[in-house]
Every structure is written in C-alpha cells, then in structure tokens.
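# Close look at the chain arrangement
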Amino acid sequence: MSKLTGHRAVITGGGTGIGLACARSLAAQGAQVIIMGRDLVRLEAAAQTIPGAQAIQLDVTDADSVTAAFAKAAAGGAIDILVNNAGIVGAAAFHRTSMEEWQRIQAVNVEGLVRCTQAVIGPMMKSAYGRIVNIASIAGLRGGAYIAPYVASKHAVVGLTKSLSIEYAGTAVTFNAVCPGYVETAIVDNSVANIMAKTGRSREDALSELTKTNPQGRLIQPEEVAETVAWLCSPLSGSVSGQAITISGGAI
Ligand code: NAP
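Note that the structure is predicted; figures quoted are calculated from it, not measured.

Within this numbering scheme, the UniProt entry marks residues 7-176 as carrying the feature "domain: Ketoreductase" (unreviewed entry). For residues 7-176, the helix share is 46%, the strand share is 17%, and the end-to-end C-alpha distance is 18 Å.

Here it is, written out as structure tokens:
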C-alpha cells in the first residue's frame, strides 16, 4: 500500500504545469486525484493520463462554480487533501497598473484560494486527516519590480497559510505553502515572450533575466515542486504546518 492510498486530493489548476505535476505525484503515492480548472477539454485530456483521476470544471473567481465543483468532488467521498495551485500573473509598472488589473490578480490568487479552502475546511477539520498546500512563490517572501499585484497576492497566501496553521492547530489539518522560483511552465513562457516584446531582446537573453535570479542558474522543473507538495501531503509530515518552503535553488 502506498503512502496516500485511501486519500482523495483536489488540485486546482491541475490540468497544466505545476498543478498537473502535483496531481501525477499524489496519484503515484496512491491518492485518488481530482483536477479542477476552467478548461474542461484540457483537464479531461490530462485526467486520462493519470490512473483514476477525475476532471471537474471550476472557476475560482466564481462562488457558484466553487460550490458546485467541490460538491461534485465530495459526492465521490471526503476530500482530505487540497492543493491550491490555480494562479495568474501580470507584469506592468505599478503606476500604470489599473485597479481592474490589481483586482483580477487578487480575485484568482487570493480570493479564489480562500473560497476553495472554505469549501473543504468544514468537513476536513472534523476528519482524522487533512492537508492543505498553497502554491505561493518566492514572490510571497520578497518584493519584485513590475509585479506588485502578484507579489502582494503571494504575500497574502503566505500570511493566510501561517494564520490558518495556528487557527486549526487543534485539528488534524496542516497548512503549508511552497515558494518556488521560476518554474518551466506556461507562466514562464509568457513572461519570456513579454520581456522579448517589451525590450526587443532575444529569447535566450530574456530567459537569462529569469534564470539569473536562481543561484543555480536554471529554471526549476514542475516535478521538483510536486515532490515537496507530495511530502507535505504525506502522513509523516503531520507536524509540519505554517511553513513557507522555498524551492528556488538557494534564492532567499
Ligand atoms: P499554469 O500552467 O499557467 O497554471 C495555472 C493554472 O491555474 C492553470 O491550470 C489554469 O487552468 C488555472 N487557473 C487560472 N485561473 C483560474 C481560475 N479563474 N479558476 C480556476 N483555475 C484557474 O502555470 P504554473 O506555473 O503551473 O502556475 C501554477 C501556480 O504556481 C500559480 O499559482 C503560480 O502563481 C505558481 N508559481 C509559478 C511559478 C512559475 O515560475 N511558473 C513560480 C512560482 C509560483 P485554466 O486556464 O484551465 O483555468
């Protein structure tokens, strides 16, 4: 029997990038995984590559969508692992950032994460097992130019993680955040394209702007993040709570 046999895990944004790697990793440990996101076609294609996986449509910015998605997931059995991974980024000078853009990022990265956590915490806090892992960022631990809304949102995620770990310390639920540096996913592809468009630099030069922030001088792979997430979800990590674990090649 594997470490997570008998456990059911929801991964938001589980059809791509870090979320998909987390789903694969948790399933490899024996968990039944439910991947959620807006693009159902992409989710279903991803679910077919993971034994026993279920795909459910979810928009974390829509309260009714969150209620419906988690009710559908819970109909198959209790959810005892939640990986809050859905997230977006935007890059612009702060003085040119509209309030709409600010709110667009907070709506997914903060309010969406709060909604999904509230959707599971009631039953989970009464259960004998619970793991909530939030995918934050090193941007949740330090500042960065041109990404103030993203940095603020990820600081909120780290703060929320620490607060909930204390508030629910009397239950079996642990709350942790992982804080990756630049990971090789669509978000980084878009960032490279953005740097190229705004500065006229080559792809190689644009990429080096990102890799130089990692002392190891490289992009991190989604599977490296997923490995830490799977450990945080495992039975013997039960005393690890309220942590923000960097996966950044030594940055910070
Ligand atoms: P990604 O492939 O773009 O993943 C983002 C996921 O979020 C997608 O699967 C997307 O699915 C989902 N999503 C976005 N808006 C949503 C919404 N309103 N409702 C539900 N799902 C939504 O990029 P990624 O790099 O793997 O990002 C995953 C997480 O890692 C994010 O929280 C990001 O901030 C964090 N992170 C990334 C890096 C990096 O360098 N890549 C570094 C640190 C932290 P749909 O489009 O189908 O909804």
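Looking now at the sheet that holds strand E7 (residues 243-247). Strand order in the open sheet formed by 7 strands is E3-E2-E1-E4-E5-E6-E7, with parallel pairing between adjacent strands. Here the strands that pair on one side only, and so sit at the sheet edges, are strand E3 (54-57) and E7. Between one strand and the next, the sheet's axes are offset by a mean angle of 20 degrees, whatever the strand orientation. Summarising the sheet, strand E1 (residues 8-12) and strand E2 (residues 32-37) pair through 5 bridges and their orientation is parallel. Note that in E2 the partner of Ala-9 across the bridge is Val-33. Its contacts with the sheet place helix H3 (residues 63-74) against E1, E2, E3 and strand E4 (81-84), and it is angled at close to 160 degrees to E3. On the sheet, helix H4 (residues 99-125) packs against E1, E4, strand E5 (130-135) and strand E6 (173-180) and is oriented at approximately 170 degrees with respect to E4.

Evaluated as defined, the whole model comprises 0 disulfides. Counting only cysteine sulfurs, Cys-233 is the nearest neighbor of Cys-22, a cysteine outside any disulfide, at a range of 7.9 Å. Given a relative accessible area of 1%, Cys-22 falls into the buried group. Between Cys-179, a free cysteine, and Cys-22, which holds the nearest cysteine sulfur, the sulfur-to-sulfur gap is 13 Å. Assessed through its relative accessible area of 0%, Cys-179 is described here as buried.

Among the 29 residues in the neighbourhood of the ligand, the closest are listed as Thr-16, Arg-38, Tyr-150, Val-183 and Thr-185. Here a nitrogen atom of the ligand sits 2.9 Å away from a polar atom, N or O, in the side chain of Asp-59. Take Asn-85: an N or O atom from its main chain is 2.8 Å from an oxygen atom of the ligand. Protein chains shield 93% of the accessible area of the ligand, which is 870 Å² for the free molecule. For the shell around the ligand, the secondary structure elements donating two or more residues are helix H1 (17-28), helix H5 (148-167) and helix H6 (186-199).

This paragraph deals with the pairing of E1. A large share of E1 lies buried, amounting to 5 of its 5 residues. Across the two faces of E1 the burial is the same, with Arg-8, Val-10 and Thr-12 and Ala-9 and Ile-11 all buried. Handedness of the crossover is the feature at issue here: the chain leaves E1, passes through H1, returns alongside E2, and the resulting connection is right-handed. Pairing of E1 with E4 involves 3 bridges; the strand directions are parallel. Bridge pairing links Ile-11 to Val-83 in E4.

Calculation rules
Residues numbered from 1 in each chain as written. Predicted model: local features only at pLDDT ≥ 70, side-chain atom pairs only at ≥ 80, totals over all residues. Heavy atoms only, no water. UniProt positions renumbered as here; feature names shortened; annotations may be inferred. Helix = DSSP H or I, 4+ residues; strand = E, 2+ residues; numbered from the N terminus. Pairing = 2+ DSSP bridges. Axes fitted to C-alpha atoms, helices over the stretch in contact; angles between N-to-C directions. Contact = heavy atoms within 4.5 Å. Disulfide = S-S within 2.5 Å. Buried < 20%, exposed > 50% of the residue type's maximum accessible area, 1.4 Å probe, protein only. Near = heavy atom within 4 Å. Polar contact = N/O pair within 3.5 Å; in protein donor to acceptor, adjacent residues only side chain to side chain. Areas by Shrake-Rupley, 256 points an atom, 1.4 Å probe, with all protein chains shown as cover. Right-handed = clockwise from strand over helix to strand, strands pointing away.

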